Amino acid sequence: MSAGKGTELLPSERISIRAGSAWARLPWIGAGVGAAALAASLLLGTSDPKQFAFSWLVAFLFFLSLALGAIYFVLILYAMQGGWGIVVRRLAENMMATVPLFAILFIPVLLTMRSLYPWLDVAAVAKDHVLLGKEPYLNRSFFLVRAGIYFLCWSLVALAYARASRRQDATGDLAISARLRRFAGPSIVALGITQTFASIDWIMSLDPHWYSTIFGVYWFAGSLVSFFALLTLAVVVLQRTGLLRNVVGPEHYHDLGKLLFAFTVFWAYIGFSQYFLIWYGNIPEETIFFRERLTGSWQGASFLLAAGHFVIPFFFFMPRTIKRRPAALAVGSVWLLLMNFLDLYWLVMPSLHPGGVHVTLLDLTTLAAVGGAFVGSAAWLMRRAPLVPVRDPRLSESLSFENA
Amino acid sequence: MPLLRPSLPEGSPYFGALAEFATPADLYRACTRVRDAGYTRWDAHSPFPVHGLDGAMGLRRSKLPWIILVMGLGGAATGFLLQTWVHSFAYPLTISGKPHFAWPAYVPITFELGVLGGAFGAVFGMLGLNKLPMHHHPLFEDERFARVTDDGFFISVESWDPRFDAEATVRLLKGLGAVRVDLVENT
């Protein structure tokens, strides 16, 4: 297996974005849509700043989940010396390298944090002995320091891996793979810890009285479901336009399908565990979370989430034929992305609208604003390097991969 | 004793023809030819899995996943219904203020029995489909065949294959690059 073998196997028209193609225009489309949606969001937000704050938070978390999921995937491939996924790793690298952007997209959250997090209200905290007890953790300056640490940690890992992988495209240096593998394990640990704390800071503390010790894992599980859905969708759409032909095949789709299936089950396992223990313990300060989400139209949203994020995809992704059929996988992926958006909406929004689901135009415009920025920058990164890591030592293993 | 011996038709002097090949690549090529010649009752034997050999042999997908699905769903249904019967009908006790039909409490057992059913389906279904355990097989009488656990690659064509003909089949196998072809007695 020579290091240069990959490049001979892969004609460049299949693995790089041609200038003038729709893919090459995508960064500008993303920027345009994002800017227009941002303007619309700000306009709508002036009359309803609280709604803007919550809608933006949901949109921010939804796309951040995709970027974080991508980091995990790349790290796991290195840590496990995975062969099969090398052909789709560059796509994941492009998604994860957008992570520094989220530090900027976090600014609206910082500007509106007083509307989001009740524990920032010093007068209210002083009268509340529970919040007073949590004050050493839940206070403004420590919150900001932690957010800084999260973005620093994620950006360092994401950029280091994305850059090193690109450097290997040019040099074919095998030492790069060895070094990235060595750092993958500790990086996964760092990411797991920071994402857990981020979930506490940004989502769980919306209701500062409530707590759940499994919450970080719940967000992690959802992140990986939505990331694998986006990765699968990206591969299918790229192949429809002639890219990655004969690079990604049914065997790779089969594995992506297996991962979608597995993480859907994992998400349900964690989600049910959280519900089950709270239901069983029946302690008011814990059950309030589900009481809010089972009153009014939130009940319908909860049932839709259970059915749509688990029962339906569980049976849909089970057959082998579905996992090997790109069109079916794409449909399932779009569905799971919608469901993951619903999941985050369901986590965040009841704090603003405890009576029932209240969909506003701001939910859509903020999603388009953050989405435009995320898709645009991932597409911009896609133009700058081949779509597969052409000199990765495991590339030929990945190209000829077969499920046993 | 049909469980421990293959149930083979009576009256044929041969079990079939056994061809030995030198390499996995030869075995693979020979399999595609035996498949294309239209044989249906034959098998390939190798000390280790040869990638793609099932395709070269023209094997259909295993029925095992369906057995596992049915057994898994059956296990889950058993677990759920058993608990429903016990807690809601047979012994309706109030436990920590929960209703008698407290379905969330049934989920762990339902899940575990689903997994157990699926695992049993996988293991025993696999044994059943492979007709295992099988303590005797006519091929064991062939001296060369012992090497199948070491470095021997074999194709056996059974004599009750509709296309089997002692001379023609042996000729075919020799033509496919077999190192050696034997007719194995039906024991």
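Basis of the calculations
Residues numbered from 1 in each chain as written. Chains lettered and ligands numbered in written order. Predicted model: local features only at pLDDT ≥ 70, side-chain atom pairs only at ≥ 80, totals over all residues. Heavy atoms only, no water. Helix = DSSP H or I, 4+ residues; strand = E, 2+ residues; numbered from the N terminus. Rg over C-alpha atoms; globule rule 2.2 N^0.38 Å. Buried < 20%, exposed > 50% of the residue type's maximum accessible area, 1.4 Å probe, protein only. Contact = heavy atoms within 4.5 Å. Areas by Shrake-Rupley, 256 points an atom, 1.4 Å probe, with all protein chains shown as cover. Lys, Arg positive; Asp, Glu negative; His and termini not counted. Charge placed at Lys NZ, Arg CZ, Asp CG, Glu CD. Salt bridge = Lys/Arg side-chain N within 4 Å of Asp/Glu carboxyl O. Axes fitted to C-alpha atoms, helices over the stretch in contact; angles between N-to-C directions. Parallel < 35°, antiparallel > 145°, perpendicular 65-115°, else oblique. Left-handed = near helix turned anticlockwise from the far one by under 90°. pLDDT = per-residue confidence, 0-100. Expected span 1.5 Å × (residues − 1). Bend = angle between axes of the 7 residues up to and from the residue. Pairing = 2+ DSSP bridges. Polar contact = N/O pair within 3.5 Å; in protein donor to acceptor, adjacent residues only side chain to side chain. Buried area = accessible area lost by both parts, 1.4 Å probe. Nonpolar A, V, L, I, M, F, W, Y, C, P; charged D, E, K, R; others polar. Patch = residues over 30% accessible without salt bridge, like charges linked within 9 Å, V, L, I, M, F, W, Y side chains within 5 Å. Phe/Tyr/Trp six-rings, centres within 6.5 Å; stacked < 30°, edge-to-face > 60°. Lys NZ or Arg CZ within 6 Å of the ring centre and 35° of its normal.

### Quick notes on the overall build of chain B
Working step 1: Regarding its fold elements, chain B presents 5 helices and 4 strands.
Working step 2: Order of helices (α) and strands (β) in chain B, N terminus to C terminus: β-α-β-α-α-α-β-α-β.
Working step 3: Taken over C-alpha atoms, the radius of gyration comes to 24 Å for chain B, far larger than the 16 Å a tight globule of 187 residues would show.
Working step 4: Dimensions of chain B along its principal axes, counting C-alpha atoms only, are 80 × 35 × 30 Å.
Working step 5: For chain B, with 187 residues in total, the buried portion stands at 35%.
Working step 6: Once local pairs closer than 6 in sequence are excluded, the contacts in chain B between residues at least 24 apart make up 78%.
Working step 7: When the accessible area of chain B is evaluated, it comes to approximately 11400 Å², of which 63% is carbon and sulfur surface.

### Overview of the overall build of chain A
Working step 1: Secondary structure assignment for chain A yields 20 helices and 0 strands.
Working step 2: Whereas a compact globule of 404 residues would reach a radius of gyration of roughly 22 Å, chain A reaches 21 Å, a difference of no more than 12%.
Working step 3: Taken across its 404 residues, chain A has 54% of its residues classed as buried.
Working step 4: Pairs at least 24 apart in sequence give 84% of the contacts found in chain A among residues at least 6 apart.
Working step 5: Looking at chain A, you have 31 positive and 21 negative side-chain charges, and the mean spots of the two groups are 8 Å apart.

### A few points about the pattern of salt bridges
Working step 1: Counting across every chain of the model gives 15 salt bridges over all chains.
Working step 2: Taking the shortest distance from any N to any O, the salt bridge between A:Asp169 and A:Arg90 comes out at 2.8 Å. Here the residue A:Asp169 occupies a position in helix H11 (residues 140-171), and A:Arg90 occupies one in helix H5 (residues 86-96), the gap between them amounting to 79 residues. Pair check on accessibility: A:Asp169 and A:Arg90 agree, each one buried.
Working step 3: B:Asp26 serves as the salt-bridge partner of B:Arg29, at 2.8 Å between the closest nitrogen and oxygen. Of this pair, B:Arg29 and B:Asp26 are both found in helix H1 (residues 24-36), 3 residues apart, which corresponds to roughly one turn of the helix.
Working step 4: Among the charged side chains, a salt-bridge network with shared partners connects A:Arg89, A:Arg90, A:Glu93, A:Asp169 and A:Asp392.

### Re the packing of H5(A) against H11(A)
Residue and element names in this part refer to chain A.
Working step 1: Contact pair H5 / H11: the axes reach a minimum separation of 9 Å and the direction vectors enclose 140°. Taken together, the axes of H5 and H11 lie oblique to each other. Remark: the crossing between H5 and H11 carries left-handed chirality. Facing Arg-89, Arg-90, Glu-93, Asn-94 and Met-96 of H5, the residues of H11 in contact are Ala-158, Tyr-161, Ala-162, Ser-165, Arg-166 and Asp-169.

### Brief notes about the confidence of the model for chain B
Working step 1: Taken residue by residue, chain B gives an average pLDDT of 91. The fraction at 70 or more is 94%.
Working step 2: This prediction of the complex comes with two scores: 0.91 for pTM and 0.82 for ipTM.

### Some remarks on helix H3 (residues 22-47) of chain A
Residues and elements named next belong to chain A.
Working step 1: Here H3 spans 37 Å end to end across 26 residues, near enough to the 38 Å set by a 1.5 Å rise per residue.
Working step 2: Within H3, the axis deviates most sharply at Trp-28, by approximately 30°.
Working step 3: Among the residues making up H3, those that are buried are Trp-23, Ala-24, Pro-27, Gly-30, Gly-34, Ala-37, Ser-41 and Gly-45.

### Regarding the sheet that holds strand S2 (residues 42-45) of chain B
All names here are of chain B.
Working step 1: As summarised here, the arrangement of the 4 strands in space is S2-S3-S1-S4, forming an open sheet in which the pairing is antiparallel. On the outer flanks of this sheet lie S2 and strand S4 (180-185), each paired with one strand and no other. Along the sheet, successive strands turn relative to each other by an average axial angle of 20°, direction set aside.
Working step 2: As judged from the 6 bridges shared by strand S1 (residues 14-21) and strand S3 (residues 153-158), these two strands associate in the antiparallel manner. Considered in S3, the bridge of Leu-18 is made with Ser-156.
Working step 3: Relative to the sheet, H1 contacts S1, S2 and S3, its axis offset from that of S3 by approximately 20°.

### Details of the side chain of B:Ser88
Residue and element names in this part refer to chain B.
Working step 1: If you trace the backbone, Ser-88 turns up in helix H3 (residues 64-90).
Working step 2: A relative accessible area of 17% means that Ser-88 is categorised as buried.
Working step 3: A polar side-chain atom of Ser-88 sits 3.3 Å from the main-chain carbonyl oxygen of His-100.

### Regarding the interface of chain A and chain B
Working step 1: Facing 11 residues of chain A, the contacting portion of chain B comprises 12 residues.
Working step 2: Between chain A and chain B the total buried area reaches about 1000 Å² when both faces are included, carbon and sulfur atoms providing 76% of it.
Working step 3: Our count for the chain A to chain B interface comes out at 0 salt bridges.
Working step 4: Joining chain A to chain B, the criterion identifies 2 residue pairs in polar contact (both at pLDDT 80 or more).
Working step 5: Of the residues that constitute the side of chain A that touches chain B, the class distribution is 8 nonpolar, 1 polar and 2 charged.

### Observations regarding a positive patch on the surface
Residue and element names in this part refer to chain A.
Working step 1: On the surface, Arg-163, Arg-167, Arg-179 and Arg-182 cluster together into a positively charged patch.
Working step 2: Elements with a minimum of two residues in the positive patch: H11 and helix H12 (174-202).
Working step 3: Among the structural elements, Arg-179 can be located in helix H12.

### Some points on the packing of aromatic side chains
Residues and elements named next belong to chain A.
Working step 1: All told, the structure shown has 57 aromatic pairs over all chains when counted by the stated rule.
Working step 2: Seen from their ring centres, Phe-106 and Trp-202 are 4.7 Å apart, and the 35° between their planes marks the pair as tilted. Here Phe-106, found in the loop between helix H6 (99-105) and helix H7 (107-111), pairs with Trp-202, found in helix H12; they are 96 residues apart in sequence, far enough to count as distant.
Working step 3: Plain terms: the ring middles of Trp-119 and Phe-143 are 5.3 Å apart, the flat faces sit at 55° to each other, and that makes the pair tilted. Of the two residues, Trp-119 is situated in the loop between helix H8 (113-116) and helix H9 (122-126) and Phe-143 in helix H11; the sequence distance between them amounts to 24 residues.
Working step 4: Look at Phe-143 and you get buried, because its relative accessible area is 0%.
Working step 5: Here the basic side chain of Arg-293 rests over the ring of Trp-346, its NZ or CZ set 5.5 Å away from the ring centre.

### Considering the environment of A:Asp201
All names here are of chain A.
Working step 1: When you line up the elements, Asp-201 lands in helix H12.
Working step 2: Residue class for Asp-201 comes out buried when judged on its relative accessible area of 0%.
Working step 3: Along the backbone, Asp-201 and Tyr-117 are 84 residues apart, and their C-alpha atoms lie at a distance of 9.3 Å.
Working step 4: Ignoring anything within four residues of it in the chain, the contact list for Asp-201 reads Tyr-117, Tyr-137, Phe-143, Arg-146 and Tyr-150.
Working step 5: A distance of 2.8 Å separates the side chain of Asp-201 from the side chain of Tyr-150, its partner in a polar contact.

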